[in-house]
Amino acid sequence: MSKAERYSKGAIALHWLIALALAGQIALGFAMPKDASGFAQYQLHKSIGITILVLSLLRLGWRFTHPRPAPLEGGFTGFLASAVHAGFYVFMIAMPLTGWVLVSTDAMDVPTLLFGVVPLPHLPLAEGMNGLARDAHEWLAWGGLALFALHVAGAMRHHFVMRDGLLTRMSPRGSGFTLVMLAAVLLTGGAIFAAQGGFTQREEHDHATDHAPATQATDEGPTLADDGHDHVHEDEAGNIAGEDAKQVEIDEPEQGATDEEGVASEAVEPAGPPPSWEIQPGASLRFSVDNAGNMLNGNFANWRGDIVMDPAAPQSAEITITVDLASASLGDATQDNMLRGGNFLDTSAYPQATWRSTNVRRVSGNRYEADGTLSLKGASRPQRIVFTLEGSGSRRSVNGSARIDRTAFSVGTGSNADNLAGTVNLSFAFDATS
């Protein structure tokens with residue numbers, strides 16, 4: 001076959017780039033979780049979609065500016081082949097455009113960073129178009145599958161039945177290379193679909209076997225976990241609940257009784273004013289929340305504490321913790337922007353959260369619990385924390401935790417919070433000197 005009967009090198013390169021991207025994109029679109037647990041896959045899906053849009057526009061421009069081989073077949077089958085090609089151009093351009101409209105009109109206002117780097121602006125469209133865009137996007141996906149099947153079937157017909165050498169027109173190395181590329185396209189889609197299915201099954205298995213918060217090892221350290229201490233849980237009224245309540249009842253010293261160290265916890269009077277403690281560098285304040293079986297782990301980078309407390313007489317303590325909510329991070333720029341938005345922390349209107357102690361007591365040994373008031377997002381609710389002190393003299397190491405009912409503060413509203421657990425686990429660790 002002569003050179004004039006082949007597609008140009010640019011057309012061939014664009015054809016196979018788009019084919020591989022489409023195979024992976026369609027598989028990813030059908031296989032990824034449809035709730036917030038699929039956030040990372042959703043962001044990748046949007047990035048690949050815009051890439052396909054750009055490549056398709058380039059391919060269309062190339063088609064009108066470069067000669068292409070004459071059709072090998074006329075009649076109905078020739079018309080069908082032309083219709084499939086035209087349908088592909090409609091699909092490759094309309095599919096990412098409807099996805100863009102879908103994201104731009106979503107009530108959650110989820111920002112898009114292409115491949116985590118390039119911000120994609122929202123289209124200035126009314127929110128009422130969201131339903132129409134969603135339906136169009138779904139139907140286009142099924143139409144794309146049909147076009148894909150017809151295109152591959154037609155290519156196989158020409159190669160194995162008609163033996164007219166059509167495949168060599170879109171191959172830089174002959175029909176053998178094209179068959180390999182077709183197999184690669186199919187395997188790419190299948191592999192992504194299988195990998196996503198396996199990922200979802202693992203998530204369901206983990207969710208089914210995970211009966212309590214477990215240590216989540218991250219680059220920044222562990223999040224709230226069973227660390228060997230008896231964590232105190234609370235309900236919405238701040239009451240101790242479950243097995244920990246029983247343990248606290250056993251461990252709580254009676255008035256005038258002595259604890260494990262022989263110190264009369266409630267009867268001890270401070271010898272003088274309680275010391276002030278300064279939190280040292282390296283402190284951590286972390287949070288975790290279950291999202292459909294997938295634990296989301298984050299931290300607050302900026303926070304401070306004003307602590308006045310005598311460990312031997314904690315009833316006189318005065319503790320205030322102030323957190324810069326805009327410093328919250330889940331390790332992903334797009335998720336962090338959502339976290340700061342109105343449906344979650346709404347940091348533009350409520351930049352800080354504050355917890356102030358009202359009653360601090362020693363439970364036993366080096367274990368303490370403190371009742372206080374948490375002010376967050378315009379609401380104030382009772383909130384208990386538990387913590388331990390290690391060390392002596394003017395230097396102590398503090399480790400503690402709390403369980404916060406996010407719904408009591410309207411943190412997490414809208415569809416993207418549907419699968420979030422109602423309880424957010426908080427953990428903190430720091431050294432303090434007096």
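Predicted model, so just to flag it, every value in this text is computed and none were measured.

Engineer: Sorry if this is basic, but what is going on with the overall build of the protein chain here?
Structural biologist: Scanning the protein chain for helices and strands turns up seven helices and 15 strands. Relative to its 434 residues, the protein chain shows a buried fraction of 44%. Across the protein chain, every contact between residues at least 6 apart in sequence was considered, and the portion connecting residues at least 24 apart equals 65%. When the accessible area of the protein chain is evaluated, it comes to approximately 22,200 Å², of which 59% is carbon and sulfur surface.

Engineer: I'm lost on the pattern of salt bridges in this one. Help?
Structural biologist: Pairing is possible between side chains of opposite charge, provided their charged atoms come close. Tallied over the full model, the rule gives five salt bridges. As a salt-bridge pair, Glu369 and Arg361 come within 2.8 Å of each other at their nearest N and O atoms. Exposure remark for Glu369: the relative accessible area of 1% places this residue in the buried category. Arg361 gets classed as buried once you look at its relative accessible area, which sits at 13%. Here Asp371 and Arg384 are joined by a salt bridge, their closest N and O atoms 2.6 Å apart. With Asp371 in strand β12 (residues 367-376) and Arg384 in strand β13 (residues 379-392), the pair connects residues that are 13 residues apart, well separated along the chain. Residue Arg384 is classed as buried on the basis of its relative accessible area, which comes to 11%. One network of salt bridges, with partners in common, ties together Arg361, Glu369, Asp371 and Arg384.

Engineer: So what exactly am I meant to see when it comes to the packing of helix α2 (residues 39-65) against helix α3 (residues 75-104) here?
Structural biologist: Relative placement of two packed helices is described by the angle separating their axes and the distance separating the axes. For the pair α2 and α3, interaxial distance at closest approach is 9 Å and the crossing angle is 140°. Taken together, the axes of α2 and α3 lie oblique to each other. The hand of the α2/α3 crossing is left-handed. Residues Tyr42, Lys46, Gly49, Ile50, Ile52, Leu53, Ser56, Leu57, Arg59, Leu60 and Arg63 of α2 pack against Tyr89, Met92, Ile93, Pro96, Leu97, Trp100 and Val103 of α3.

Engineer: In this structure, what is going on with the packing of aromatic side chains? I would like to understand it.
Structural biologist: For any two aromatic rings, the description comes down to two numbers: the centre-to-centre distance and the angle of the planes. Per the stated rule, a full pass over the model turns up four aromatic pairs. Consider the rings of Trp303 and Phe430, whose centres lie 6.0 Å apart with planes at 65°: the pair is edge-to-face. Of the two residues, Trp303 is situated in strand β8 (residues 303-308) and Phe430 in strand β15 (residues 423-433); the sequence distance between them amounts to 127 residues. Between Phe428 and Phe430 the ring centres are 6.3 Å apart and the planes differ by 25°, which places this aromatic pair in the stacked class. Chaining the aromatic ring pairs together yields one cluster made of Trp303, Phe428 and Phe430.

Engineer: Looking at this structure, I do not really get unusual backbone geometry. What am I missing?
Structural biologist: Residues apart from glycine generally show negative phi values, whereas peptide bonds are mostly found in trans. Here Ala292, not a glycine, exhibits a phi torsion of approximately 55°, which is positive. Note that Ala292 resides in the loop between β6 (284-291) and β7 (294-300). Overall, the relative accessible area of 30% leaves Ala292 in the partly exposed class. In this structure, Ser410 takes a positive phi of about 55° despite not being glycine.

Engineer: How should I be thinking about a nonpolar patch on the surface in this particular structure?
Structural biologist: A cluster of nonpolar residues, Phe30, Trp139, Trp142 and Leu145, forms a patch on the protein surface that exposes about 470 Å² of accessible area. The element best represented in the nonpolar patch is helix α4 (residues 130-162), accounting for three residues. By the element assignment, Trp142 lies in helix α4.

Engineer: So what exactly am I meant to see when it comes to helix α1 (residues 9-31) here?
Structural biologist: Two residues of an α-helix separated by three or four positions point the same way, owing to the 3.6 residues in each turn. Counted at 1.5 Å a residue, the expected span for α1 with its 23 residues is 33 Å, and the 33 Å between its end C-alpha atoms agrees. Here α1 lies mainly inside the structure; 17 of its 23 residues are buried.

Engineer: What's the story with helix α7 (residues 333-340) in this structure? I'm lost.
Structural biologist: Along α7, the positions that sit buried rather than exposed are Thr334, Gln335, Asp336, Met338 and Leu339. Tucked inside the fold, the buried residues of α7 contact α2, β1 (112-114), β6 and β10 (328-329).

Engineer: Looking at this model, I keep getting lost on the side chain of Ser327. Mind explaining?
Structural biologist: Take Ser327: it is sitting in the loop between β9 (318-324) and β10. Residue classification places Ser327 among the buried positions, given a relative accessible area of 11%. One polar contact links the side chain of Ser327 to the main-chain amide nitrogen of Ala301, over a distance of 3.2 Å. Sequence-distant contacts of Ser327, defined by excluding residues within four places in its chain, comprise Asn299, Phe300, Ala301 and Asn302.

Engineer: Whenever I open this one, the pairing of β8 confuses me. Can you help?
Structural biologist: Each regular strand displays side chains that alternate between the two surfaces of the sheet. Residues Trp303, Gly305 and Ile307 point to one face of β8 and are all buried, whereas Arg304, Asp306 and Val308, pointing to the other face, are not buried. The sheet contact formed by β8 and β9 spans six bridges and is antiparallel. Bridging from a neighbouring strand, Ile307 pairs with Ile319 of β9.

Engineer: Which parts of the structure should I look at to understand the environment of Glu73?
Structural biologist: Note on placement: Glu73 falls in the loop between α2 and α3. With 85 residues separating them in the primary sequence, Glu73 and His158 have C-alpha atoms 9.9 Å apart. Setting aside residues up to four positions removed in sequence, Glu73 forms contacts with Gly78, Arg157, His158 and Met162.

Engineer: How do you make sense of the confidence of the model for the protein chain when you look at a structure like this?
Structural biologist: Low pLDDT means the predicted atomic positions in that stretch should not be read closely. Confidence in the prediction for the protein chain averages 76 pLDDT; 72% of positions are at 70 or higher. Scored below 50 in pLDDT, residues 195-267 shows 107 contacts in the model against residues more than four places distant or in partner chains.

Engineer: I'm lost on the pairing of β7 in this one. Help?
Structural biologist: Most of β7 sits inside the fold, with five of its seven residues counted as buried. Where β6 folds back on β7, the antiparallel hairpin that results is connected by two residues, among which Ala292 adopts a positive phi of roughly 55°. Here β7 runs beside β10; their pairing, made up of two bridges, is antiparallel. Counterpart to Phe300 in the pairing with β10 is Ala328.

Conventions we followed
Residues numbered from 1 in each chain as written. Predicted model: local features only at pLDDT ≥ 70, side-chain atom pairs only at ≥ 80, totals over all residues. Heavy atoms only, no water. Helix = DSSP H or I, 4+ residues; strand = E, 2+ residues; numbered from the N terminus. Buried < 20%, exposed > 50% of the residue type's maximum accessible area, 1.4 Å probe, protein only. Contact = heavy atoms within 4.5 Å. Areas by Shrake-Rupley, 256 points an atom, 1.4 Å probe, with all protein chains shown as cover. Salt bridge = Lys/Arg side-chain N within 4 Å of Asp/Glu carboxyl O. Axes fitted to C-alpha atoms, helices over the stretch in contact; angles between N-to-C directions. Parallel < 35°, antiparallel > 145°, perpendicular 65-115°, else oblique. Left-handed = near helix turned anticlockwise from the far one by under 90°. Phe/Tyr/Trp six-rings, centres within 6.5 Å; stacked < 30°, edge-to-face > 60°. Patch = residues over 30% accessible without salt bridge, like charges linked within 9 Å, V, L, I, M, F, W, Y side chains within 5 Å. Expected span 1.5 Å × (residues − 1). Polar contact = N/O pair within 3.5 Å; in protein donor to acceptor, adjacent residues only side chain to side chain. Pairing = 2+ DSSP bridges. pLDDT = per-residue confidence, 0-100.

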